[in-house]
Amino acid sequence: MPEEKIFTSKKMWPLSLCALVILIDQITKALVVKYIPLLGSSLDGVVQICGKYLWFIHVRNKAVAFSMGSSLPTSMRAILFAAIPLIIIAVVFVIYFKNNEFSSMQRWAICGILGGGIGNLIDRFFRPDGVVDFISCYFWNLFGLERWPTFNIADSAVVVCGILFIISLRYVYLRKGKASGGKNE
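What counts, and where the lines are drawn
Residues numbered from 1 in each chain as written. Predicted model: local features only at pLDDT ≥ 70, side-chain atom pairs only at ≥ 80, totals over all residues. Heavy atoms only, no water. Helix = DSSP H or I, 4+ residues; strand = E, 2+ residues; numbered from the N terminus. Buried < 20%, exposed > 50% of the residue type's maximum accessible area, 1.4 Å probe, protein only. Contact = heavy atoms within 4.5 Å. Lys, Arg positive; Asp, Glu negative; His and termini not counted. Charge placed at Lys NZ, Arg CZ, Asp CG, Glu CD. Pairing = 2+ DSSP bridges. Polar contact = N/O pair within 3.5 Å; in protein donor to acceptor, adjacent residues only side chain to side chain. Axes fitted to C-alpha atoms, helices over the stretch in contact; angles between N-to-C directions. Parallel < 35°, antiparallel > 145°, perpendicular 65-115°, else oblique. Left-handed = near helix turned anticlockwise from the far one by under 90°. Nonpolar A, V, L, I, M, F, W, Y, C, P; charged D, E, K, R; others polar.

## Some points on the overall build of the protein
- When you go through the protein residue by residue, the secondary structure sums to 5 helices and 4 strands.
- Starting at the N terminus and ending at the C terminus, the protein contains elements arranged as α-α-β-β-α-α-β-β-α.
- With the C-alpha coordinates of the protein rotated into their principal frame, the extents come out at 65 × 35 × 30 Å.
- Put simply, the protein has 185 residues, and 34% of those count as buried.
- Look at the contacts in the protein between residues 6 or more apart in sequence, and 62% of them connect residues 24 or more apart.
- Counting 19 positive and 11 negative side-chain charges, the protein places the centres of these two groups 5 Å from one another.

## Some points on the environment of Leu174
- Following the sequence through the fold, Leu174 ends up in helix H5 (residues 153-179).
- Each C-alpha atom, one on Leu174 and one on Val158, is 24 Å from the other, the two residues being 16 residues apart in sequence.

## A few points about the sheet that holds strand S3 (residues 131-142)
- Pairing is antiparallel across the open sheet formed by 4 strands, whose spatial order is S1-S2-S3-S4. Edge positions in the open sheet fall to strand S1 (47-48) and strand S4 (145-147), since each of these has one partner strand only.
- Relative to S4, S3 runs antiparallel, the two being bridged by 2 bridges. Each residue of the ladder has a partner; that of Tyr138, found in S4, is Arg147.

## Notes on the environment of Asn152
- With respect to the helices, strands and loops of the structure, Asn152 is situated in the loop between S4 and H5.
- Judged by relative accessible area, Asn152 falls into the buried class, the value being 0%.
- Polar contacts involving the side chain of Asn152 include one to the side chain of Asp133, which spans 2.8 Å.

## Comments concerning the packing of helix H2 (residues 15-35) against H5
- Here H2 crosses H5 at 145°, and the two axes come no closer than 8 Å. Taking contact as the criterion, the partners of Val21, Ile24, Asp25, Thr28 and Lys29 in H2 are, on H5, Ile153, Ala154 and Ala157.

## Quick notes on the packing of helix H3 (residues 74-98) against helix H4 (residues 104-126)
- Contact pair H3 / H4: the axes reach a minimum separation of 10 Å and the direction vectors enclose 155°. Taken as axis vectors, H3 and H4 run roughly antiparallel relative to one another. When you trace H3 past H4, the crossing you get is left-handed. Across the interface between the two elements, Phe81, Ala82, Pro85, Leu86, Ile89, Val92, Phe93 and Tyr96 of H3 pack against Arg107, Ile110, Cys111, Leu114, Gly117, Ile118, Leu121, Arg124 and Phe125 of H4.
- Along the lines of polarity and charge, the residues of the contact of H3 with H4 split into 14 nonpolar, 1 polar and 2 charged.

Laid out in structure tokens, this is it:
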């Protein structure tokens with residue numbers, strides 16, 4: 001059986017999602033930087049979209065999710081939050097192109113995750129003040145949080161596509177289990 005080509009249309013088309021996520025992420029961040037003042041000690045500059053439920057604000061995150069690692073030294077943050085993610089993204093791209101077993105849904109989900117990762121990585125390399133976050137959602141005091149930690153389009157793509165990828169893995173696992181007589185359930 002001949003080996004399948006590395007660059008096929010089924011592998012290339014999902015990359016359009018990767019590019020779209022990066023483009024929308026960077027455009028929205030540029031608009032936030034230009035039109036919304038950096039959040040200071042007051043709520044000046046908060047744009048309320050749906051009352052208290054959805055705000056656009058301008059904050060910077062020099063760490064990762066939920067500002068974890070913000071107290072680390074700058075050189076350590078550069079390695080942990082820029083160099084290592086760059087290597088991981090490169091490895092995922094290699095796996096993405098070499099693997100011929102991913103379903104269509106998994107390919108699109110992986111590309112959405114990669115687009116989000118690259119979008120935030122661009123900020124880490126080219127915005128010395130940190131990643132631009134701007135979406136703030138009311139969280140009904142669940143887990144002691146009045147508002148969910150502020151995020152951006154790239155973060156949203158990573159979370160949504162990550163969930164879709166996990167769902168697709170479960171679906172493939174269950175389908176293979178039924179095909180083999182239910183041994184995987």
